[in-house]
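Examining the three-dimensional arrangement
Chain by chain, the residues run as shown.
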Amino acid sequence: QVQLVESGGGLVQPGGSLRLSCAASGSRFSVMGWYRQPLGKQRELVATITTTGNTNYADSVKGRFTISRDNAKNTVYLQMNSLKPEDTAVYYCNAGIYGMYYWGKGTLVTVSS
């Protein structure tokens, strides 16, 4: 059974940093990533990473966020720096293999002074 468990969300001031983690179990995934959903808005891509380390970022987070993964631990990370109030959202872990995609339950990130 596939499980994705996120951690690391919380309240941070503008300009601050947070690191999200997502531990996966039940499969080895070819691609893992992060999406976010601001309150009242649609879910959007943040970043993805393949097993070989190829990454893709939303324009809004390029240069501020870094995605990485530890294949041995089946875990993906999102280092978020220079956070802005508009980064406030529920962040969801996503993982895919053979065309099947799975979601975590999400972790709330609030950027506010």
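Structure: above.
A look at the overall build of the protein
- When helices and strands are counted, the protein shows 0 helices and 11 strands.
- Walking the protein from its N terminus toward its C terminus, one meets helices and strands in the order β-β-β-β-β-β-β-β-β-β-β.
- Against the 2.2 N^0.38 benchmark of 13 Å for 113 residues, the protein shows a C-alpha radius of gyration of 13 Å, consistent with a compact globule.
- When the backbone C-alpha atoms are referred to their principal axes, the protein occupies close to 40 × 25 × 20 Å.

Observations concerning the packing of aromatic side chains
- Following the criterion strictly, the structure yields 3 aromatic pairs and no others.
- Look at Y92 and W103: their rings are 6.4 Å apart centre to centre, the planes differ by 90°, and that puts the pair in the edge-to-face class. You can see Y92 sitting in strand β9 (residues 89–97) and its partner W103 sitting in strand β10 (residues 100–103), a full 11 residues away along the chain.
- The exposure class of Y92 is buried, given its relative accessible area of 12%.
- An aromatic cluster is built from Y35, Y92 and W103, whose rings are joined through pairwise contacts.
- Over the face of the ring belonging to Y92 we find R43, whose NZ or CZ atom lies 3.7 Å from the ring centre.

Topic: the pattern of salt bridges
- Evaluation of the coordinates by the stated rule reveals 4 salt bridges.
- Notably, a salt bridge pairs R36 with D87, separated by 2.9 Å at the nearest N-O pair. Placement of R36 in strand β4 (residues 31–37) and of D87 in the loop between β8 (75–80) and β9 is noted, with a sequence separation of 51 residues between them. Taken individually, R36 and D87 each receive the classification buried, so the pair is uniform in this respect.
- Bridged by salt links that share partners, the residues R36, E44, R64 and D87 form one connected network.

As for the side chain of T75
- Mapping T75 onto the fold places it in strand β8.
- A polar side-chain atom of T75 sits 3.0 Å from the main-chain carbonyl oxygen of K73.
- Filtering out sequence-adjacent residues up to four positions away, T75 remains in contact with C22, A23, S68, R69 and D70.

A closer look at unusual backbone geometry
- Despite not being glycine, N74 has its phi angle at roughly 55°, a positive value.
- Considering the arrangement of structural elements, one finds N74 in the loop between β7 (65–70) and β8.
- The exposure class assigned to N74 is buried, which follows from its relative accessible area of 7%.
- Even without being glycine, S82 reaches a positive phi, approximately 50°.
- One can find S82 in the loop between β8 and β9.

Cut-offs and rules
- Residues numbered from 1 in each chain as written.
- Predicted model: local features only at pLDDT ≥ 70, side-chain atom pairs only at ≥ 80, totals over all residues.
- Heavy atoms only, no water.
- Helix = DSSP H or I, 4+ residues; strand = E, 2+ residues; numbered from the N terminus.
- Rg over C-alpha atoms; globule rule 2.2 N^0.38 Å.
- Phe/Tyr/Trp six-rings, centres within 6.5 Å; stacked < 30°, edge-to-face > 60°.
- Buried < 20%, exposed > 50% of the residue type's maximum accessible area, 1.4 Å probe, protein only.
- Lys NZ or Arg CZ within 6 Å of the ring centre and 35° of its normal.
- Salt bridge = Lys/Arg side-chain N within 4 Å of Asp/Glu carboxyl O.
- Polar contact = N/O pair within 3.5 Å; in protein donor to acceptor, adjacent residues only side chain to side chain.
- Contact = heavy atoms within 4.5 Å.

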